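Here is what each chain is made of, one letter per residue.
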Amino acid sequence: MITVWEFGYWDKGWDEPDCKQHWSGASSFEPWGIEKALDRATELGFLSASDREKVRIACLTDGEYFFGSESTSGWMIGQNEDFTCVSPYPYEPIWMMVKIPGGNIYHCDWSETVCPILSSLEIEDLNESNRIIHRNLTLPEILKIFLLEGETNPKYQDVCLQCLYAATAEQSYVYYLSSKQWIQICRQFTAEEEAEFMSKKNNKLF
């Protein structure tokens, strides 16, 4: 199971009728890793760069970091135990790296990205276009290619969650290779998804 995190802040005591609370991340059904929660706290001005590592360690040690209190204004980063994040295919070799044509070092050409969940027919088209770099790997094997430190890399959990939950091209995880090439992380259909897809295709339901 992967731990997911949330960030929230409020302007006065929680019991106050006009208290305004703002929550994002797992509490909004977004599978955030710890780094993304820290990023949001920094972006909104609650967390300074100099305190980031201290807060990160506190979160990983205690499961949360609380500033202020429930009876005053404050903010927090914490684990969300109600959001069960378990990969349905943690070690299945269904992951691949796909080339994204065009773009430059600063910008990916998102018009050339594909759906991150691919049927066998779509994979065949990509293969014929020579766009698939690595295929038939598990997600940890894919991530180890560009996150060399593996799970010890601070970005690992956020990237893993993004790959697992991406449902559209815009939600995909993409990165830039030193060889001047943008790469998109995709996966092929599971056997069940492929069977459902082919059944709909054969019955001309799309």
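Residues numbered from 1 in each chain as written. Predicted model: local features only at pLDDT ≥ 70, side-chain atom pairs only at ≥ 80, totals over all residues. Heavy atoms only, no water.

A look at the pattern of salt bridges
For side chains of opposite charge, pairing can occur when their charged atoms come near one another. Applying the stated criterion across every chain yields a total of nine salt bridges. Among the salt bridges present, the one from Arg56 reaches Glu53, with a minimum N-O distance of 3.8 Å. Taken as a pair, Arg56 and Glu53 lie in helix 2 (residues 52-62) at a separation of three residues, close to a single helical turn. The partly exposed category is assigned to Glu53, whose relative accessible area is 43%. As a salt-bridge pair, Glu196 and Lys200 come within 3.3 Å of each other at their nearest N and O atoms. (Salt bridge = Lys/Arg side-chain N within 4 Å of Asp/Glu carboxyl O. Helix = DSSP H or I, 4+ residues; strand = E, 2+ residues; numbered from the N terminus. Buried < 20%, exposed > 50% of the residue type's maximum accessible area, 1.4 Å probe, protein only.)

Details of a negative patch on the surface
Negative charge collects at one region of the surface, where Glu122, Glu124, Asp125 and Glu128 lie side by side. The topology assignment puts Glu124 in helix 3 (residues 120-128). Classification of Glu124 as partly exposed rests on a relative accessible area of 44%. (Patch = residues over 30% accessible without salt bridge, like charges linked within 9 Å, V, L, I, M, F, W, Y side chains within 5 Å. Areas by Shrake-Rupley, 256 points an atom, 1.4 Å probe, with all protein chains shown as cover. Lys, Arg positive; Asp, Glu negative; His and termini not counted. Charge placed at Lys NZ, Arg CZ, Asp CG, Glu CD.)

Points about the environment of Phe29
With respect to the helices and strands, Phe29 occurs in the loop between strand 2 (21-25) and helix 1 (34-43). Taking the C-alpha atoms as reference points, Phe29 and Asp82, separated by 53 residues in sequence, lie 9.9 Å from one another.

Focus on the packing of helix 4 (residues 139-146) against helix 5 (residues 156-165)
Put simply, helix 4 and helix 5 touch, their axes get as near as 11 Å, and they point 130 degrees apart. The angle between the axes of helix 4 and helix 5 places the two elements in the oblique class. Crossing geometry of helix 4 relative to helix 5 is assigned as right-handed. Residue-level contacts link Leu139, Pro140, Leu143 and Phe146 of helix 4 to Tyr156, Val159, Cys160, Cys163 and Leu164 of helix 5. (Axes fitted to C-alpha atoms, helices over the stretch in contact; angles between N-to-C directions. Parallel < 35°, antiparallel > 145°, perpendicular 65-115°, else oblique. Left-handed = near helix turned anticlockwise from the far one by under 90°. Contact = heavy atoms within 4.5 Å.)

Quick look at the nonpolar core
Formed by 18 residues in total, the largest nonpolar core has its most connected members in Trp95, Leu143, Phe146, Cys163 and Ile185. Those elements that provide at least two residues to this core are strand 5 (95-100), helix 4, helix 5 and strand 9 (181-188). Leaving out residues up to four positions away in the same chain, Phe146 has contacts with Val159, Tyr173, Tyr175 and Ile185. Trp32, Leu38, Ala58 and Tyr65 belong to the second-largest nonpolar core, a separate cluster that totals 14 residues. (Core = buried A, V, L, I, M, F, W, Y, C linked by side-chain atoms within 4.5 Å.)

Focus: the pairing of strand 3 (residues 64-68)
Relative to strand 4 (residues 74-79), strand 3 runs antiparallel, the two sharing five bridges. Of the residues in strand 4, the one forming a bridge with Glu64 is Gly78. Between strand 3 and strand 4, which pair antiparallel in sequence order, lie five residues. (Pairing = 2+ DSSP bridges.)

A closer look at the side chain of Ser172
Among the secondary structure elements, Ser172 is positioned in the loop between helix 5 and strand 8 (174-177). A relative accessible area of 2% places Ser172 in the buried class. Residues in contact with Ser172, not counting those within four places in the same chain, are Trp110, Val114, Pro116, Gln162, Ala166 and Gln184.

Overview of helix 2
Among all positions of helix 2, only Val55, Arg56, Ala58 and Cys59 are buried. All buried residues of helix 2 fall inside an arc of 165 degrees around its axis, so they share one side. Lining the buried residues of helix 2 we find strand 1 (5-10), helix 1, strand 3 and strand 4. Directly after helix 2, the chain includes Gly63, whose backbone phi takes a positive value near 90 degrees. (Arc of directions from axis to C-beta.)

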